[in-house]
Amino acid sequence: MPISEKKKITNSRYIAKCDSIQIRPSKDRGGEIRAAAAAAGQSVQAYILQACAERMARDGFTPAESGEEGG
């Protein structure tokens, strides 16, 4: 089924607001991450974002320390 013009516009707006960060784990490590995400009932993206947020909180990181505004 083709994507409607409205959906294309909505997708473009969403993508414009998103950053893209790429990781390349070894195949073994990638499999472990996928399995852990599935066991947690999360997508790989949600699992990784949650892990990052927890690490940032644990390390005491606050957005003001990054030198960037907003987010």
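Remember, predicted model here, so these are calculated numbers, not experimental data. (Residues numbered from 1 in each chain as written. Predicted model: local features only at pLDDT ≥ 70, side-chain atom pairs only at ≥ 80, totals over all residues. Heavy atoms only, no water.)

A. Representation of the overall build of the chain within the structure. Per the secondary structure count, the chain includes three helices and zero strands. Ordered by position from the N terminus, the helices and strands of the chain form the series α-α-α. The C-alpha atoms of the chain give 16 Å as radius of gyration, which overshoots the globular expectation for 71 residues (11 Å, by more than 25%). Counting over 71 residues, the chain shows a buried share of 4%. Accessible surface for the chain amounts to roughly 6,700 Å². Of this, 55% is attributable to carbon and sulfur atoms. Of note, the chain has its 11 positive side-chain charges centred 11 Å away from the centre of its 9 negative side-chain charges. (Helix = DSSP H or I, 4+ residues; strand = E, 2+ residues; numbered from the N terminus. Rg over C-alpha atoms; globule rule 2.2 N^0.38 Å. Buried < 20%, exposed > 50% of the residue type's maximum accessible area, 1.4 Å probe, protein only. Areas by Shrake-Rupley, 256 points an atom, 1.4 Å probe, with all protein chains shown as cover. Lys, Arg positive; Asp, Glu negative; His and termini not counted. Charge placed at Lys NZ, Arg CZ, Asp CG, Glu CD.)

B. Geometry of the state of the cysteines. All chains considered together, the criterion is met by zero disulfides. In this structure Cys18 is not part of a disulfide, and its nearest cysteine sulfur, from Cys52, lies 15 Å away. Given the relative accessible area of 39%, Cys52 is considered partly exposed. (Disulfide = S-S within 2.5 Å.)

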